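# Structural overview
Listed below are the residues making up each chain.
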Amino acid sequence: MRTAPDSLCILARWASFLVAVFLAPLAALAAAPDATVSADGAGDFTTIRAAIDAAPQICRDDGHRWVILVKPGTYRELVYVQREKRFIDLVGAEADTTVLAYDLSSNLPGADGKPIGTFRTPTLSVDADDFTIENLTIANTAGQKGPALALRLDGDRIAVRHCHLTGWQDTLLVNRGRHYFEDCTIEGAADFIFGGATAWFERCHLRAVGGGYLTAASTPDFQSFGYVFDHCDITSAPGVKTYLGRPWRDFAQVIFLHTNMSEAVRPEGWHNWNKPAAQKTAVYGEFDSTGPGAPHGGRVPWSRQLTATDAARYTIENVLSGTDHWNPTAGPATMPGQSP
């Protein structure tokens, strides 16, 4: 039989547990961010761009990240994050209700009367290192008008979590650096994830809204890794068929691990972009694919089905750590009380 002190100890432990689980997170969430964006004027800023421009230029890690909270609403604007704006967390209320959108496309005329080109179309462009984006929809709403970027990343050590990235052609440009995507939905038609960066996609949903190619990597020949998709899902709009990728440049690298592939994935899987020489340098591989689009009997012969030993090489640590040992899964919360 338990004594009264034993019972009291058990009750005390339960009380501590309930405080930790329920009350402590609520108290932490009540802490104010460094800046708040609200379209209705109830925050510090009415535009995301103004909040970014007003953020401090933090050149080294002092242990504090500048948190910008974006309240629900649709923010129709172009946002550029300059190189000096490091250690910033841009955090929306939730992706379904917090939308950053614009509609530049590559064929629009610039000030000189000439088309502005693909690389000047991003709705959000991040040139800073150590930047985090969470709980936002980032959209390019130009539609079927040619290349039109939603998000362009040029910094290093950038993490994107719980976001929706939407467009048609060239939705996401991971241009250079190392990037980590977690629980994101990325949709488009042609080449809608492209560029030369090293990028890890964890539990992301890739949705093809038009026939084309999920990826168009341009991995440099000196770079050890390109894109790795781990435990992701590939779906499409009704009737749409897609390739897993085509090599924008020679030495393109794309790996799919434990990915559920719907019938949207073409049996051949990959395309050489009508560049036979690219077949000799591209590293296109799959391991433990599942779903109707997974059977590899019809895959192009120059792609690879990885062995367990091959696949073991592809870990977040190996792919992203670099010489500075970056681990995006062990970073600080972007809002007090929130896990990354």
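Residues numbered from 1 in each chain as written. Predicted model: local features only at pLDDT ≥ 70, side-chain atom pairs only at ≥ 80, totals over all residues. Heavy atoms only, no water.

Of the regular secondary structure elements, the chain holds 4 helices and 24 strands. The proportion of buried residues among the 340 residues of the chain is 51%. Pairs at least 24 apart in sequence give 64% of the contacts found in the chain among residues at least 6 apart. (Helix = DSSP H or I, 4+ residues; strand = E, 2+ residues; numbered from the N terminus. Buried < 20%, exposed > 50% of the residue type's maximum accessible area, 1.4 Å probe, protein only. Contact = heavy atoms within 4.5 Å.)

Our focus in this paragraph is the sheet that holds strand E14 (residues 178–182). Pairing is parallel across the open sheet formed by 11 strands, whose spatial order is E1-E2-E5-E8-E11-E14-E16-E18-E21-E23-E24. Two strands close off the open sheet at either side, each with one partner strand: strand E1 (35–37) and strand E24 (304–305). Judged from the 4 bridges that link them, strand E11 (residues 158–161) and E14 form a sheet pairing that is parallel. Bridged to arginine 161 within E14 is glutamate 182. (Pairing = 2+ DSSP bridges.)

A separate point is unusual backbone geometry. One non-glycine residue, aspartate 130, adopts positive backbone phi at about 55°. Assignment of secondary structure puts aspartate 130 in the loop between strand E7 (124–126) and strand E8 (131–134). Not every positive phi belongs to a glycine, and histidine 258 is a case in point at roughly 50°. With respect to the secondary-structure elements, histidine 258 resides in the loop between strand E21 (253–257) and strand E22 (260–261). When its relative accessible area of 28% is taken as the criterion, histidine 258 is described as partly exposed.

Moving on: the confidence of the model for the chain. Reading fine detail from the predicted coordinates is not recommended where pLDDT is low. Per-residue confidence for the chain gives a mean pLDDT of 90, with 88% of residues at or over 70. Considering only residues more than four positions removed or in separate chains, one finds that residues 1–30, a stretch of pLDDT under 50, has 10 contacts. Segment residues 332–340: pLDDT under 50, and 26 contacts once partners within four positions in sequence are set aside and those in other chains are kept. (pLDDT = per-residue confidence, 0-100.)

With 60 residues, the main nonpolar core has Ile133, Phe181, Phe201 and Phe256 as its most contacted residues. In terms of residues, this core owes the most to one element, strand E17 (residues 205–217), which gives 4 residues. Apart from the residues lying within four places of it in its own chain, the contact partners of phenylalanine 181 are Leu153, Val160, Leu165, Leu172, Val174, Ala199, Trp200, Phe201, Glu202 and Cys204. Formed by 15 residues, the second largest nonpolar core is a distinct cluster that contains Ala159, Tyr180, Phe287 and Ile316. (Core = buried A, V, L, I, M, F, W, Y, C linked by side-chain atoms within 4.5 Å.)

Now for the packing of aromatic side chains. Each aromatic ring pair is specified by the distance between its two centres and by the angle formed by the two planes. Under the counting rule described, the total for this entry stands at 12 aromatic pairs. Between tyrosine 213 and tyrosine 243, the aromatic rings sit 5.2 Å apart at their centres with planes inclined by 10°, giving stacked as the arrangement. On the criterion of sequence distance, the pair formed by tyrosine 213 in strand E17 and tyrosine 243 in strand E20 (residues 242–243) is long-range, its members being 30 residues apart. Residue classification places tyrosine 213 among the buried positions, given a relative accessible area of 14%. (Phe/Tyr/Trp six-rings, centres within 6.5 Å; stacked < 30°, edge-to-face > 60°.)

Under the definition given, this model contains 20 salt bridges. Glutamate 286 serves as the salt-bridge partner of arginine 299, at 2.7 Å between the closest nitrogen and oxygen. Of the two residues, arginine 299 sits in the loop between strand E23 (283–287) and E24 while glutamate 286 sits in strand E23, which places them 13 residues apart along the sequence. Exposure remark for arginine 299: the relative accessible area of 8% places this residue in the buried category. (Salt bridge = Lys/Arg side-chain N within 4 Å of Asp/Glu carboxyl O.)

Next up on the list: the environment of glycine 196. You can see glycine 196 is positioned in the loop between strand E15 (185–195) and strand E16 (198–202). The exposure class of glycine 196 is buried, given its relative accessible area of 8%. For the pair formed by glycine 196 and phenylalanine 251, sequence separation is 55 residues and the distance between their alpha carbons is 10.0 Å. Not counting residues within four places of it along the chain, the set of residues in contact with glycine 196 comprises Val174, Asn175, Ser218, Thr219, Pro220, Gln223 and Tyr227.

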